[in-house]
Every structure is written in C-alpha cells, then in structure tokens.
Amino acid sequence: MPLLATLVDDFTDGTLDTASRWSGSYGDLSETGGRAQIPCGTGYAGLKSASAYTLASSAVHLQLFPADPTGAASAAASVLVLSATGGTDAGFIVDPAQNAVGCYLRSGYADGGAVFLTYSPVDHRWLRLREAAGTLYWETSSNGVFWATRRTAASPAWVSETGLAFLVEGHRDAGPETPIEVDNVNAPPGQAIQLIAAAVTEGARPVGLAKVRTLGVAASIVDVPPIGRRKTRALGVASATESAQAVGYDLTVSVGAPWSDWEVGEPW
C-alpha cells in the first residue's frame, strides 16, 4: 500500500517512465528539457500513474506549466487523484483560457462546493493535494517551499483506498495543440529550498529557545522586506492575500515548528 507521496519524478533523465511510474498514461507524451510534455489538443492526453496508491496521511505535489490557450475558450490541465469509481476524484483544474483554477472534490463528475481562484502563473505555479487527520487540503505555492491553503474539506472514505491513481490530463476545445509541462512530482524544488534550509538549520536549537542565525541567505530567496521592517512570516513571492496566517501556511522548514514573526538581521 504505497503512499501517494512515494510517486516521485523530476523528469531529468530524458525518458518518460511509462513502464512503471506512469504506466496508465495515454496520448503522445514525452519528456523534454527536464519536464514531462502533455499535449493539450481537442483530444485527450494524460500523464497517469498506476492505480496503486493511497492518499490517506499522504500528499502529492507538482510544478505545473499550463498550455498556451491561444485560440481556445477552454484549455484545461486537470490535476487529479482518481478513486476506483469514475468521476469520483479530487484535485485541481487549471484553465488559463478562462483565467481560473478550480479546487474540486467530485462525485459523479460534479462538485457543488468547488472553490475557484483567479489563475496566477506565479502564485499557482506549484499545486499540492494533501490529506491529514481526516481533512483534505488544496494548496498552492509560488516556489514549492511555502504553501497557501485554498480549500479544506472532510476527507471522503475513498482516500484510504489502495488503488488510487494520479493524473495530469490535457484537453482544449479549439485552437492549435500546445503542451502542458509538468515538473517535480513529489520532488523538492531545487536550489531555493536548499538555500533556505541552509539558512535556517545552522545553529538550530530546540523549539522555544533563541535562534541566533539570521536570514541573510534566505533574504535573496523569499522576498523579505528592507532591514528594520517587520514581516509576519516568510512567505516567498506570495500575493497579498496569502500573507495572513488564516490561509494556512505551514512554515516548518527544518527548524521543527512554525516560524514566528522575525525582523531581517535580528535573532529569531
């Protein structure tokens, strides 16, 4: 019963692994330039895993580059965890032609409680669906390090099934076929997280004690304010609406507890 988080691919070897990781795939897919390429045309193509995973106490994330929507009224990238029942799934549908991101928990291909966001190629570059303690979380990020919660819902029973699949599918209603690109499925975002982790782990102490390492390295990564100004939580390149604690950031990067308020150049 592998957790969905164990499905990992950074697409760097130049060959799409349709023999094992993506054995359920369909359409003319490829792996080029360190990314999976999924055609987004008037037919359907999908990067799909085997039906072999569970979502309970697990998660799946990826970096998504939607198709060029020129000439289309809809050019959707569906990013879904599929149950064994058709039309019963959860995840995101990103449609730059409609300038929208939908957060879905569907049954019978419908969800009356779907949450819709105005699509941002920056704020919604990374997507994550996560299950923990009976709750599903739909989360987005600009950098794959700091995440904003966009929707929560009680976990349906099917998240504990052991035959779930992960799918990224492309389809458009009109216009020229252009690719959806996918990277870093359950893989870390690379240099940014390494530098931030290096900045906060050196000299780390147990939670509740003073931490004297300043964020000089992280300052070049997480868009911190000028020295002497306070910022509530280090939020990366995030929109103003993401800066509130209420949206659900979990900023546990190696230190072991959520970050508290800090000032650049000051102990924290």
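This one's a predicted model, so the numbers in the text were calculated from it and none came from an experiment. (Residues numbered from 1 in each chain as written. Predicted model: local features only at pLDDT ≥ 70, side-chain atom pairs only at ≥ 80, totals over all residues. Heavy atoms only, no water.)

### Concerning the overall build of the chain
Then step 1. The helix and strand tally for the chain stands at one helix and 15 strands.
Then step 2. The proportion of buried residues among the 268 residues of the chain is 50%.
Then step 3. Long-range pairs, those at least 24 residues apart, make up 63% of the contacts in the chain between residues at least 6 apart in sequence.
Then step 4. By element, 52% of the accessible surface of the chain is carried by carbon and sulfur atoms, the whole surface being about 11,600 Å². (Helix = DSSP H or I, 4+ residues; strand = E, 2+ residues; numbered from the N terminus. Buried < 20%, exposed > 50% of the residue type's maximum accessible area, 1.4 Å probe, protein only. Contact = heavy atoms within 4.5 Å. Areas by Shrake-Rupley, 256 points an atom, 1.4 Å probe, with all protein chains shown as cover.)

### Topic: the side chain of Arg 106
Then step 1. Relative to the assigned elements, Arg 106 resides in strand 7 (residues 100–106).
Then step 2. We classify Arg 106 as buried; its relative accessible area is 15%.
Then step 3. Ignoring anything within four residues of it in the chain, the contact list for Arg 106 reads Leu 80, Gly 87, Thr 88, Asp 89, Ile 93 and Asp 111.

### Some points on the nonpolar core
Considering soluble globular proteins, one finds that nonpolar side chains tend to be buried as a cluster.
Then step 1. Residues Leu 47, Leu 64, Phe 166 and Val 182 are the most contacted members of the largest nonpolar core, which totals 43 residues.
Then step 2. With four residues, strand 5 (residues 75–82) is the single largest residue contributor to this core.
Then step 3. Once residues within four sequence positions are removed from consideration, Val 182 is found in contact with Phe 11, Arg 35, Ala 36, Ile 38, Leu 47, Leu 62, Gln 63, Leu 64 and Val 168. (Core = buried A, V, L, I, M, F, W, Y, C linked by side-chain atoms within 4.5 Å.)

### Here we look at the pairing of strand 4 (residues 59–65)
Then step 1. Most of strand 4 sits out of view: seven of its seven residues are buried.
Then step 2. Of the two faces of strand 4, the one carrying Ala 59, His 61, Gln 63 and Phe 65 and the one carrying Val 60, Leu 62 and Leu 64 are both buried.

### Description of unusual backbone geometry
Then step 1. The phi dihedral of Tyr 109 is positive, around 65°, even though this residue is not glycine.
Then step 2. With respect to the element layout, Tyr 109 can be found in the loop between strand 7 and strand 8 (115–118).
Then step 3. Here Tyr 109 falls in the exposed class, since its relative accessible area comes to 57%.
Then step 4. Not every positive phi belongs to a glycine, and Asn 184 is a case in point at roughly 55°.
Then step 5. With respect to the helices and strands, the residue Asn 184 is situated in the loop between strand 13 (178–183) and helix 1 (191–201).

### Side note on the sheet that holds strand 5
Then step 1. A sheet is described by the order of its strands in space; here six strands give the open sequence 3-12-5-6-7-8, paired in antiparallel fashion. The open sheet has two edge strands with one neighbour each: strand 3 (45–48) and strand 8. Strand-to-strand twist across the sheet, computed as the mean angle between neighbouring axes with direction ignored, equals 15°. (Pairing = 2+ DSSP bridges. Axes fitted to C-alpha atoms, helices over the stretch in contact; angles between N-to-C directions.)

### Some thoughts on the environment of Asp 183
Then step 1. If you trace the backbone, Asp 183 turns up in strand 13.
Then step 2. Residue class for Asp 183 comes out buried when judged on its relative accessible area of 12%.
Then step 3. A C-alpha to C-alpha distance of 9.8 Å links Asp 183 and Glu 31, two positions 152 residues apart in sequence.
Then step 4. Not counting chain neighbours up to four residues away, the residues in contact with Asp 183 comprise Asp 10, Phe 11, Gly 34, Arg 35, Leu 62, Gln 63 and Phe 65.

### Here's the deal with the environment of Cys 103
Then step 1. The residue Cys 103 is located in strand 7 in this model.
Then step 2. By relative accessible area, which is 0% here, Cys 103 ends up buried.
Then step 3. Residues Cys 103 and Phe 92, eleven residues apart in the sequence, show an inter-C-alpha distance of 4.8 Å.
Then step 4. Leave out the neighbours within four places in its chain, and Cys 103 touches Gly 91, Phe 92, Asp 111, Ala 114, Val 115, Leu 117, Trp 138, Arg 150 and Arg 151.

### Points about empty space enclosed by the protein
Then step 1. This structure, assessed with the given rule, holds one cavity of 30 Å³ or more.
Then step 2. If you add up the space inside the largest cavity, you get close to 50 Å³.
Then step 3. As for the largest cavity, its lining consists of 13 residues, of which Val 60, Val 79, Phe 92, Leu 129 and Phe 166 are closest to the centre.
Then step 4. Of all the secondary structure elements, the ones that give two or more residues to the lining of the largest cavity are strand 4, strand 5, strand 6 (89–95) and strand 9 (126–132).
Then step 5. Within the lining of the largest cavity, the residues separate by chemical class into ten nonpolar, two polar and one charged. (1 Å grid on protein atoms, 1.4 Å probe; cavity = no way out; pocket = protein on both sides within 12 Å on 5 of 7 lines; lining within 4 Å. Points joined across faces, edges and corners; volume = space filled by probe spheres on them. Nonpolar A, V, L, I, M, F, W, Y, C, P; charged D, E, K, R; others polar.)

### Remarks on the packing of aromatic side chains
Then step 1. Inspection of every chain in the model, using the stated rule, returns three aromatic pairs.
Then step 2. Relative to Trp 22, the ring of Phe 11 lies with its centre 6.2 Å away and its plane at 20°, an arrangement referred to as stacked. Pair noted here: Phe 11 is in the segment before strand 1 (30–32) and Trp 22 is in the segment before strand 1, with a separation of eleven residues, a long-range link. With respect to burial, Phe 11 and Trp 22 carry one shared label: buried.
Then step 3. Between Tyr 104 and Phe 116, the ring centres sit 5.8 Å apart and the planes meet at 85°, which makes this aromatic pair edge-to-face. In this pair, Tyr 104 is assigned in strand 7 and Phe 116 in strand 8, connecting sequence segments twelve residues apart.
Then step 4. Feature note: the residues Phe 11, Trp 22 and Phe 166 constitute an aromatic cluster, connected by ring pairs.
Then step 5. Lying over the aromatic face of Trp 147, Arg 128 brings its terminal NZ or CZ to 4.3 Å of the ring centre.
Then step 6. Geometry around Tyr 137 places Arg 130 over its ring, the cationic atom sitting 4.3 Å from the centre. (Phe/Tyr/Trp six-rings, centres within 6.5 Å; stacked < 30°, edge-to-face > 60°. Lys NZ or Arg CZ within 6 Å of the ring centre and 35° of its normal.)

Geometry only, nothing functional implied.
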